[in-house]
Amino acid sequence: MNQSSKDNSDSSTNPAILVDNLTVSYGPVPALLDVSFKVPAGQLIGIIGPNGSGKSTLIKAILGFLKPDFGTVYLFGEPAAHAKGRVAYVPQRGSVDWDFPVSVQEVVLMGRYGHVPWWKNLGQQEWQLADDALEMVRMSHYRKRQIGELSGGQQQRVFMARAMAQGADILLLDEPFAGVDAATERAILDVLEQTKQAGKTLLVVHHDLTTAAEYFDALILLKQRLYAFGSPEAVLHRRLLSEVYEGSLRIFSDLSQTTKNS
Ligand SMILES: Nc1ncnc2c1ncn2[C@@H]1O[C@H](COP(=O)(O)OP(=O)(O)O)[C@@H](O)[C@H]1O
Ligand SMILES: [Mg+2]
């Protein structure tokens, strides 16, 4: 038997995301400098790092919204530009204009437009896919509501439903837990886990170090450069964190102190 035969074009053998020597700048100082890592398919990965460390920039560069100064992003072995339909994005909440008069159902259906030729109306099957996605995030009851009338956590779930309806293999989420209550956080985490069980790859910007180990298979620690990438136990290392978070980590240890004393 010839064991050395390889087929590099088979997407199942390629990492879902391969970031290779990525440098991205807005001005003279790079927001990301020489970042390289790869994510196998089917993993739930957290991106952590202090404010301004380049987390959102990394997500936008993987999406192709930002042009790198240097380096390349490959999705399933293809340059990212060729794999656009395989990636869905759930934006940071503050970045969306909620006054836009559109219903929950319409937001989710927008995820299907790329799949339907422009001369056709969305058919029964498209509506069904949108309904299934809303069911998954437990938002079916709200399908007729205006998106602007929902709470932050509900809006987040609708955007997850849209990403799901899009049929993407990779989901990129920017701080999905920011500003939501504990019950909503649990509901969103359930959806992330179900999505992972369905074989999708998820990259999630996360700001809470106290839950990072519980939520994610692996973590990316970023501050302009990639400081660490690996198991939560390896990345959430005291010395590493104090180097990256500097003064702000004191808040974190004060918190654990408070819990111990109470
Ligand atoms: N549109 C922009 N124009 C100029 N600088 C930006 C822009 N977006 C982000 N930056 C800068 O790039 C760095 C990384 O930002 P960002 O990726 O948003 O960090 P994070 O998401 O980790 O908070 C920061 O110094 C930020 O000020
Ligand atoms: Mg950000």
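Quick caveat: nothing in here was measured; it's all calculated off a predicted structure.

Colleague: Which parts of the structure should I look at to understand unusual backbone geometry?
Modeller: Glycine aside, residues mostly have negative phi, and peptide bonds are mostly found in the trans state. Unusually for a residue other than glycine, phenylalanine 76 sits at a positive phi of about 50°. As for its placement among the helices and strands, phenylalanine 76 is situated in the loop between β4 (70-75) and β5 (78-79). Given a relative accessible area of 9%, phenylalanine 76 falls into the buried group. In this structure, glutamate 175 takes a positive phi of about 50° despite not being glycine.

Colleague: Before we go on, may I ask you to explain the sheet that holds strand β6 (residues 87-90) in this structure?
Modeller: Within a sheet, adjacent strands bond to each other through the backbone by hydrogen bonds, running parallel or antiparallel. In space, the six strands of this open sheet follow the order β6-β7-β8-β3-β9-β10, with mixed pairing throughout. Edge strands, defined here as strands with exactly one partner in the open sheet, are β6 and β10 (225-230). Ignoring which end each strand starts from, the neighbouring axes of this sheet average 15° apart. As defined by bridge partners, strand β3 (residues 44-48) adjoins strand β8 (residues 201-205) across four bridges and the pair is classed as parallel.

Colleague: It is not clear to me how the sheet that holds strand β2 (residues 30-39) should be interpreted in this structure. Could you clarify?
Modeller: Spatial ordering of the open sheet is given by β2-β1-β4-β5, a layout of four strands whose pairing is antiparallel. Sheet topology places β2 and β5 at the edges, where each strand pairs with a single neighbour. Pairing of β4 with β5, which is carried by two bridges, proceeds in the antiparallel orientation. Each residue of the ladder has a partner; that of leucine 75, found in β5, is glutamate 78. Packed onto the sheet, helix α1 (residues 55-63) meets β1 (17-25), β2 and β4 and runs at close to 115° relative to β1.

Colleague: Whenever I open this one, the site of ligand 1 confuses me. Can you help?
Modeller: With respect to spatial proximity, the complete set of residues near ligand 1 consists of Tyr26, Ala31, Pro50, Asn51, Gly52, Ser53, Gly54, Lys55, Ser56 and Thr57. Contact between ligand 1 and glycine 54: an oxygen atom at 3.1 Å from a main-chain N or O atom of the residue. In this structure, an oxygen atom belonging to ligand 1 sits 2.5 Å away from a side-chain N or O atom of threonine 57. When the free accessible area of ligand 1 is taken as 560 Å², the share hidden by the protein chains comes to 53%. With three residues, α1 is the largest single contributor of residues to the shell around ligand 1. Here the shell around ligand 1 is composed, by residue class, of three nonpolar, six polar and one charged.

Colleague: Explanation requested: the pairing of β1 in the structure shown.
Modeller: Within a regular strand, the side chains alternate between the two sheet faces. Note: β1 against β2, six bridges, orientation antiparallel. Considered in β2, the bridge of isoleucine 17 is made with valine 39. Linkage of β1 to β2, two consecutive antiparallel strands, is achieved through a turn of four residues. In terms of strand pairing, β1 meets β4 through five bridges, oriented antiparallel. The residue bridging valine 19 from the neighbouring strand is valine 73, located in β4.

Colleague: Looking at this structure, I do not really get the packing of aromatic side chains. What am I missing?
Modeller: To describe a pair of aromatic rings, you give the distance between the ring centres and the angle between the ring planes. What the rule picks out here adds up to four aromatic pairs. Taking the centre distance of 6.2 Å and the plane angle of 65° together, the rings of tyrosine 215 and phenylalanine 216 count as edge-to-face. Residue phenylalanine 216 is classed as buried on the basis of its relative accessible area of 4%. In textbook terms, an aromatic cluster arises when at least three aromatic residues are bridged by ring pairs, as seen for Phe177, Tyr215 and Phe216. One residue, arginine 86, lies across the ring of phenylalanine 76, its end atom 3.9 Å from the ring centre.

What counts, and where the lines are drawn
Residues numbered from 1 in each chain as written. Chains lettered and ligands numbered in written order. Predicted model: local features only at pLDDT ≥ 70, side-chain atom pairs only at ≥ 80, totals over all residues. Heavy atoms only, no water. Helix = DSSP H or I, 4+ residues; strand = E, 2+ residues; numbered from the N terminus. Buried < 20%, exposed > 50% of the residue type's maximum accessible area, 1.4 Å probe, protein only. Pairing = 2+ DSSP bridges. Axes fitted to C-alpha atoms, helices over the stretch in contact; angles between N-to-C directions. Contact = heavy atoms within 4.5 Å. Near = heavy atom within 4 Å. Polar contact = N/O pair within 3.5 Å; in protein donor to acceptor, adjacent residues only side chain to side chain. Areas by Shrake-Rupley, 256 points an atom, 1.4 Å probe, with all protein chains shown as cover. Nonpolar A, V, L, I, M, F, W, Y, C, P; charged D, E, K, R; others polar. Phe/Tyr/Trp six-rings, centres within 6.5 Å; stacked < 30°, edge-to-face > 60°. Lys NZ or Arg CZ within 6 Å of the ring centre and 35° of its normal.

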